[in-house]
Amino acid sequence: MITERRLDTVDMHINVGPQHPATHGVFRMVLRVDGERIVDCVPYIGYLHRGFEKLAENEEFQEVIIHLDRTDYIAQFNNEFCYLMAVEKLLGVKPPERAEYARIILAELNRIVSHLMFYGAFGGDAGAITPFLYAFRERERLQRLFESVSGARLMHFYFRAGGLKEDLPEGFLEEVRRILPVLKQGIDECDTLLTENEVFLSRTVGIGAISAQEAIDYGCTGPILRACGVREDVRRSDPYSLYPTLDFDVPVGKKGDTFDRYLVRVQEMRESIRIVEQCLDRIPEGPFRTPIPRYPHYRVDPGEVYVHTENPRGDYGIYLISRGGVQPFRVKLRSPCFCNLMALPAMLRDAYVADAVMVLGSLDIVLGEVDR
Amino acid sequence: MPASLDATLRLVVLTAFIFNTVLVLVYVERKVLGHIQQRLGPMRTGFHGVLQTPADAIKLLVKEDLTPTTADRWVFRLAPFLVFVPVFMMFITLPFTRELAVRHLDLGIFYLVSFSSLHIVGMIMAGWGSDNKYALLGGVRAAAQLISYELPLAFAILGVVLLAKTLNLQEVVELQATAPFLVLQPLGFLIFLISSLAELSRTPFDIPMAESEVVGGPMIEYSGMRWAMFFLAEYANLFVTSAVAAVVYLGGWLWPFLPPADLAGGWAAHLVGLAWFMAKTFALILAIIWLRGTLPRLRIDQLMGFAWKLLIPFSFLNLFITAAAAVYGGFLLLLGWVATGGFAYAIYAVSRRRP
Amino acid sequence: MIGVLKGLVQTWKTHWRKPVTVQYPDERLPLQPRYMGFPGLIWDQAIGEPFCTGCQVCMRYCPTQCMYVTMQDNPKQAAGESKRRKIVETFTIDISRCISCAICVEVCNFDAIEMTHAHERAGYYPDVVPDLPQLLKMSEDFRAQRGQKPARETRDVL
Ligand code: SF4
Ligand code: SF4
């Protein structure tokens, strides 16, 4: 009689991070692997915790903005946008139309910047070195635009309650108009390099897939959820600012795997360009800020408000409580990355070690926002 | 000249040649990759950065040589040498031109194939000796990958051996006076190229060293001199593998320009032959660098599947066709081209299949 | 395989393009007019003293608490040359902690501080903590250079 005899093996624990090139920051996950197969994955967060929410309680409404820049430090304009909509709601002011359009233009350009960053890092995770440089070449064009607008390349601090810090610089709109076609071509080039590449496809298609229901259960939003085929976009489902008047599509995927997440983002870049083009045609002349009494040390009436926007990474929400006065009583951040990240162990079911890197990359986490 | 002095001289020249080639290769790779990414690459040290690689080499030499406390000391320390020495040995029989080689071995191809698989041992030792899980994973990956691709590599070359009826690299080149073996062995050439990419652990098969997964794999704990050894071995291997491909499939120093028989011993013929040899080798190296600048990397299971399900059956087919041609007549070699088409289609079909 | 070939063509084409690298210390991209470097203090040309009154508003609002300001009675006011009763005595900014947020500029009631283009200020303590004369000089240099091109400006690569 032949009895099956199995080789005695022990699962190995591999510590990935907090200093690992694939973790995009200081994220740590402990993988339990059986050979190259992942048995279990435990994510650890908190290495970049700076106590943003507590800091915000000791600053004026105006100053909190600079901390917002530092939460999701790749999509600063989008964060500022969300927070200021909350403040404006409490203040009861409406920004002038020019400011609204300027905000949308900048936020959408920032979305492109963020997705380009994702593209480059994801290519790097897959082992290709060129996509990163391609993405940064394109990103640099936009960064210089941002510099001309806000004076800073990264931490812009440009949106203000009631509008903008100062008017858009002269020639800015023309410059955007000039850059958009170049950008489109750049995105196409990025597209050629990876999207159809069979080696890349074999690394991404079918990897880390979760079902739409699972994604909803985990609270995933943004490209992660849309990749599962759910047409959910705050710009459409709970429209804010002037988005209802703009014409754009919400790209969705089918299978919810790594590749769909990638593809959704690439398509979103194109949609963002479309939005910016429309805004450029419509942006009027006029004031850039609604005057607020005692600006910049304005007082905000007591009240609480929750505002959420569509950030590049998903549904970014701010819960703001004011007890009157110049400082917020509480600022709570609903961070999309944090929720998306929680789905990681589910996505890594039965994956290879190499897939862990790809799946983590496809979540496009920004640790500044996860840990706050 | 006494034999020992002669041998020493040859080895010294060879060593100098390897070091210089590696420096040039690293520089070329940096520059080409830079331009592929619309960058400049090294520019500061010397004219257009030509001194950058020597500077880096010196930096590596003077860096502290660390050994992790928990490492298996001797295994850890010995590993880089065991990676480098086999590669160095492969250079010995490489025919640069008709006369220019350290040794003309009658069993040249056999010698090459056997040494090309030896550096696996060093890799495994590095992976095990470092007492680091990334290194271990990388070492095991290297073992699996290099052993799997050793087979198609050897079988591909066996096709040429069947045609040439010799294992002497010199004679293999002489036989290519009219047409390189590429024409007769297209499938073999393709398989050889692909499997040598894997042997070299270069993109898209750089799985043992995967920077974003196992952070350098077996080399993760190495620093200074020993790390430089790995580096040296990697680039020397790149050169020697491309050179073997150039010699075996592209006619080495001979084709397409044939030095007239009376020039056979002259300097001019030597130089032209050497130029041809170098041109072919560098063309292959540039192609490999180009691939590195374009492709992501595969996953270990896909890599193994590719070797065992595609490369090995097709290398058998190639061997079979060649054997039939050797027995029943050369016209059967035309089948090789058909098989190449089949091979290309198979890769195409596999790459289109999605889970 | 088709996709791989397309990618190869793409990298081949890119290879022949002009590189976008800027050789930084030799070449510099022009700074945008609005660029925010480190703050400097403005000199009141008409009277010959800083605008800053040392009121410490900026110091209170600075999110990184990197400024230190003290105030003194203005001797020029006693002499009847200036209308400012108080004037800045010492003013230091630890620019190794400054995050160039321009909050100090925004809250200053006297428009006495501005964001200059100075940004290459890496160094050791105390070089990274400019005092009042240095801050005034930063602003003066900035004003002198405004509208001028830097010495070796590069081509616009992007
Ligand atoms: S720019 Fe910001 S951080 Fe710097 S001194 Fe002014 S307020 Fe402080
Ligand atoms: S710079 Fe302005 S805010 Fe700061 S102390 Fe001087 S006058 Fe006051």
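In what follows, the structure referred to is the one given above.
Residues numbered from 1 in each chain as written. Chains lettered and ligands numbered in written order. Predicted model: local features only at pLDDT ≥ 70, side-chain atom pairs only at ≥ 80, totals over all residues. Heavy atoms only, no water.

1. Considering the overall build of chain A
Next up, step 1: Along its length, chain A carries 15 helices and 8 strands.
Next up, step 2: Taking 372 residues into account, the globule formula puts the C-alpha radius of gyration at 21 Å, and chain A, at 22 Å, falls close to it.
Next up, step 3: A buried classification covers 64% of the 372 residues belonging to chain A.
Next up, step 4: Long-range pairs, those at least 24 residues apart, make up 71% of the contacts in chain A with a sequence separation of at least 6.
Next up, step 5: Element-wise, carbon and sulfur atoms account for 53% of the exposed surface of chain A, whose accessible area totals about 13100 Å².
Next up, step 6: Across chain A, the 45 positively charged side chains and the 55 negatively charged ones have centroids separated by 2 Å. (Helix = DSSP H or I, 4+ residues; strand = E, 2+ residues; numbered from the N terminus. Rg over C-alpha atoms; globule rule 2.2 N^0.38 Å. Buried < 20%, exposed > 50% of the residue type's maximum accessible area, 1.4 Å probe, protein only. Contact = heavy atoms within 4.5 Å. Areas by Shrake-Rupley, 256 points an atom, 1.4 Å probe, with all protein chains shown as cover. Lys, Arg positive; Asp, Glu negative; His and termini not counted. Charge placed at Lys NZ, Arg CZ, Asp CG, Glu CD.)

2. Some remarks on the overall build of chain B
Next up, step 1: Secondary structure summary: chain B contains 13 helices and 0 strands in total.
Next up, step 2: In summary, chain B has a C-alpha radius of gyration of 21 Å against a globular reference of 20 Å for 355 residues, a match within 12%.
Next up, step 3: Sorting the 355 residues of chain B into buried and exposed places 55% on the buried side.
Next up, step 4: Within chain B, contacts between residues separated by at least 24 positions form 79% of all contacts whose residues are at least 6 apart in sequence.
Next up, step 5: When the accessible surface of chain B is split by element, carbon and sulfur atoms take 75% of a total near 14900 Å².
Next up, step 6: With 24 positive and 20 negative side-chain charges, chain B shows a spacing of 8 Å between the two charge centroids.

3. Remarks on the site of ligand 2
Next up, step 1: Within the structure, ligand 2 sits among C:Cys52, C:Thr53, C:Gly54, C:Cys55, C:Gln56, C:Val57, C:Cys58, C:Val69, C:Phe91, C:Cys108, C:Phe110 and C:Ile113.
Next up, step 2: For the shell around ligand 2, the residue count by class is 9 nonpolar, 3 polar and no charged. (Near = heavy atom within 4 Å. Nonpolar A, V, L, I, M, F, W, Y, C, P; charged D, E, K, R; others polar.)

4. Digging into the packing of helix H6 (residues 133-164) of chain B against helix H12 (residues 300-328) of chain B
Residue and element names in this part refer to chain B.
Next up, step 1: Between H6 and H12, the shortest axis-to-axis distance is 9 Å and the interhelical angle comes to 15°. As summarised for this structure, H6 and H12 are arranged roughly parallel, according to the angle between their axes. The way H6 lies across H12 gives a crossing that is left-handed. (Axes fitted to C-alpha atoms, helices over the stretch in contact; angles between N-to-C directions. Parallel < 35°, antiparallel > 145°, perpendicular 65-115°, else oblique. Left-handed = near helix turned anticlockwise from the far one by under 90°.)

5. Here we look at empty space enclosed by the protein
All names here are of chain B.
Next up, step 1: Applying the stated rule across the entire model yields 8 cavities of 30 Å³ or more.
Next up, step 2: What lines the largest cavity is a set of 14 residues, and nearest its centre among them are Met90, Ser116, Leu153, Phe192 and Thr241.
Next up, step 3: At the level of elements, helix H4 (108-116), H6, helix H9 (186-199) and helix H10 (224-249) are the ones that each hand at least two residues to the lining of the largest cavity.
Next up, step 4: Taken together, the residues that form the lining of the largest cavity break down as 8 nonpolar, 5 polar and 1 charged.
Next up, step 5: In this structure, the second largest cavity encloses a volume near 110 Å³.
Next up, step 6: Along the walls of the second largest cavity sit 13 residues, with His119, Met123, Leu200, Met209 and Glu234 positioned nearest its centre.
Next up, step 7: Going through the elements one at a time, helix H3 (73-91), helix H5 (119-129) and H10 are the ones with two or more residues in the lining of the second largest cavity.
Next up, step 8: Here the element with the most residues in the lining of the second largest cavity is H10; it accounts for 4 residues. (1 Å grid on protein atoms, 1.4 Å probe; cavity = no way out; pocket = protein on both sides within 12 Å on 5 of 7 lines; lining within 4 Å. Points joined across faces, edges and corners; volume = space filled by probe spheres on them.)

6. A closer look at the interface of chain C and chain B
Next up, step 1: Counting residues at the interface gives 18 residues for chain C, matched by 17 residues for chain B.
Next up, step 2: In total, about 1600 Å² of surface goes out of reach between chain C and chain B, with carbon and sulfur atoms giving 65% of it.
Next up, step 3: By the criterion of area lost to chain B, the three top residues of chain C are C:Met1, C:Leu8 and C:His15, representing 34% of everything that side buries.
Next up, step 4: At the junction of chain C and chain B, the tally comes to 0 salt bridges. (Buried area = accessible area lost by both parts, 1.4 Å probe. Salt bridge = Lys/Arg side-chain N within 4 Å of Asp/Glu carboxyl O.)

7. Some remarks on the nonpolar core
Next up, step 1: Core analysis: the biggest nonpolar cluster contains 113 residues, and A:Tyr83, A:Leu109, A:Ile318, A:Leu320 and C:Phe91 have the highest contact counts within it.
Next up, step 2: The leading source of residues in this core is helix H4 (residues 97-126) of chain A, at 15 residues.
Next up, step 3: The residues touching A:Leu109, leaving out its near neighbours within four places in the chain, are A:Leu142, A:Leu145, A:Phe146, A:Val176, A:Leu180 and A:Val276.
Next up, step 4: In this structure, B:Tyr235, B:Ala246, B:Val248 and B:Leu332 belong to the second largest nonpolar core, which totals 103 residues. (Core = buried A, V, L, I, M, F, W, Y, C linked by side-chain atoms within 4.5 Å.)

8. Some thoughts on the packing of aromatic side chains
Residues and elements named next belong to chain A.
Next up, step 1: Taken as a whole, this structure holds 36 aromatic pairs over all chains when the rule is applied.
Next up, step 2: Between Tyr240 and Tyr243, the ring centres sit 5.1 Å apart and the planes meet at 75°, which makes this aromatic pair edge-to-face.
Next up, step 3: Measuring from centroid to centroid gives 6.2 Å for Tyr295 and Tyr298, while their planes differ by 20°, and the two rings are stacked.
Next up, step 4: Classification of Tyr298 as buried rests on a relative accessible area of 1%.
Next up, step 5: Chaining the aromatic ring pairs together yields one cluster made of Phe77, Phe81, Phe146, Tyr158, Phe159, Tyr240, Tyr243 and Phe248.
Next up, step 6: Above the face of the Tyr44 ring, Arg28 is positioned so that its terminal group lies 4.6 Å from the ring centre.
Next up, step 7: Its guanidinium or amino end placed over the ring of Phe136, Arg139 lies 5.0 Å from that ring's centre, counting from NZ or CZ. (Phe/Tyr/Trp six-rings, centres within 6.5 Å; stacked < 30°, edge-to-face > 60°. Lys NZ or Arg CZ within 6 Å of the ring centre and 35° of its normal.)

9. As for the interface of chain A and chain B
Next up, step 1: Residue-level contacts link 39 residues of chain A with 30 residues of chain B.
Next up, step 2: Here chain A and chain B share 1 salt bridge between them.
Next up, step 3: A salt bridge links A:Asp355 to B:Arg299; the nearest nitrogen and oxygen atoms lie 2.9 Å apart.
Next up, step 4: Between the two partners, chain A and chain B, sit 9 residue pairs in polar contact (both at pLDDT 80 or more).
Next up, step 5: Only strand E1 (12-16), H4, helix H5 (130-150), helix H6 (172-194), helix H7 (198-204) and helix H14 (353-363) of chain A provide two or more residues apiece to the side of chain A that touches chain B.
Next up, step 6: Of the residues that constitute the side of chain A that touches chain B, the class distribution is 21 nonpolar, 11 polar and 7 charged. (Polar contact = N/O pair within 3.5 Å; in protein donor to acceptor, adjacent residues only side chain to side chain.)

10. Some details on the sheet that holds strand E8 (residues 330-334) of chain A
All names here are of chain A.
Next up, step 1: Within the open sheet, the 3 strands sit side by side as E6-E7-E8. Their pairing is antiparallel. Two strands lie at the open edges of the sheet, namely strand E6 (303-311) and E8, each paired on one side alone. Direction aside, the axes of adjacent strands within the sheet are offset by 15° on average.
Next up, step 2: In this structure, strand E7 (residues 314-322) lies alongside E8, joined through 5 bridges in antiparallel fashion. Bridging from a neighbouring strand, Ile321 pairs with Arg330 of E8.
Next up, step 3: Packing of helix H3 (residues 76-91) onto the sheet brings it into contact with E6 and E7, and relative to E6 it is tilted by some 155°. (Pairing = 2+ DSSP bridges.)

11. What to know about H6(B)
Residues and elements named next belong to chain B.
Next up, step 1: Under the 1.5 Å per step criterion, the end-to-end length of H6 is 46 Å for 32 residues, consistent within 8% with the ideal 46 Å.
Next up, step 2: Most of H6 is tucked away, with 23 of its 32 residues classed as buried.
Next up, step 3: Of the residues one or two after H6, Lys165 is the one with positive phi, at around 60°. (Expected span 1.5 Å × (residues − 1).)

12. Concerning the site of ligand 1
Next up, step 1: Not every one of the 14 residues close to ligand 1 is listed here, only the nearest: C:Cys62, C:Cys98, C:Cys101, C:Ala102 and C:Cys104.
Next up, step 2: Class assignment for the residues of the shell around ligand 1 results in 12 nonpolar, 2 polar and no charged.

13. Considering the pairing of strand E2 (residues 28-34) of chain A
Residues and elements named next belong to chain A.
Next up, step 1: Sheet topology note: the E1/E2 ladder contains 5 bridges and is antiparallel. Bridge pairing in E2 links Val16 to Met29.
Next up, step 2: Following E2, the chain reverses through 2 residues before pairing antiparallel with strand E3 (residues 37-44); Gly35 in that reversal takes a positive phi of roughly 70°.

14. A look at the sheet that holds E2(A)
Residue and element names in this part refer to chain A.
Next up, step 1: The strand order across the open sheet built from 3 strands is E1-E2-E3, with neighbouring strands paired in antiparallel fashion. Edge positions in the sheet fall to E1 and E3, since each of these pairs with one other strand and no more. Neighbouring strand axes in the sheet, compared pairwise and without regard to direction, differ in orientation by 20° on average.
Next up, step 2: The sheet contacts of H14 involve E2 and E3, and relative to E2 the element is tilted by about 150°.

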